[in-house]
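Structural features, examined
Residue-level listing of the chains:
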Amino acid sequence: VVKEHGVRFSFNFAEVYWNSRLQEEHRIVVSRFKKGQVIADAMCGIGPFAVPAAKKGCKVYANDLNPKSYEYLQLNVKKNRVENDVFCYNIDAREFIKRACNGSLSQSS
């Protein structure tokens, strides 16, 4: 378990990408989000932008093609109690962006 800016992330370092040196970048990007905004993260990994954004009051569409990242994303969304604000997807980023742009992403993750 890694704790970053009040958010807990569970994952296995051998299965997914994580770089603790990006902690400040995560904080800076999320600090620019405003409550009520809709965020789309096409390659979200385990959720270092998606989960804190949802905790801040944003609606987040989060996608990762890696099945293990997707699995940990869902776990981290649940552990941080933002299930109603993060919609998780496990599809190619190009398809995710197309669906986000044409309004065909469902809110059932």
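First, a word on what this report is: a plain description of the structure on this page. If you're wondering where the values come from, they're calculated on a predicted model, not measured in any experiment.

**Here's the deal with the pattern of salt bridges**
Across all of its chains, the model carries 6 salt bridges by this definition. Of the charged contacts in the structure, one is a salt bridge between Lys68 and Glu15, with a shortest N-O distance of 3.7 Å. Remark: Glu15 occurs in the loop between strand E2 (7-9) and helix H1 (23-31) and Lys68 occurs in helix H3 (residues 67-79); sequence separation between them is 53 residues. The partner of Glu95 in a salt bridge is Arg99, and the shortest N-O contact between them spans 3.0 Å. Linking Glu95 with Arg99, this pair stays in helix H4 (residues 93-102), spanning 4 residues, or about one helical turn. By relative accessible area, which is 32% here, Glu95 ends up partly exposed.

**Description of the pairing of strand E4 (residues 59-63)**
Buried residues dominate E4, accounting for 4 of its 5 residues. In this structure, strand E3 (residues 38-41) lies alongside E4, joined through 4 bridges in parallel fashion. Pairing of Val38 across the sheet is with Lys59, part of E4. Crossover E3 to E4 through helix H2 (residues 50-55) is right-handed. Pairing of E4 with strand E5 (residues 86-89) involves 4 bridges; the strand directions are parallel. Note on E5: the bridge partner recorded for Ala62 is Cys88. With H3 bridging E4 and the parallel E5, this β-α-β connection has right-handed handedness.

Calculation criteria
- Residues numbered from 1 in each chain as written.
- Predicted model: local features only at pLDDT ≥ 70, side-chain atom pairs only at ≥ 80, totals over all residues.
- Heavy atoms only, no water.
- Salt bridge = Lys/Arg side-chain N within 4 Å of Asp/Glu carboxyl O.
- Helix = DSSP H or I, 4+ residues; strand = E, 2+ residues; numbered from the N terminus.
- Buried < 20%, exposed > 50% of the residue type's maximum accessible area, 1.4 Å probe, protein only.
- Pairing = 2+ DSSP bridges.
- Right-handed = clockwise from strand over helix to strand, strands pointing away.

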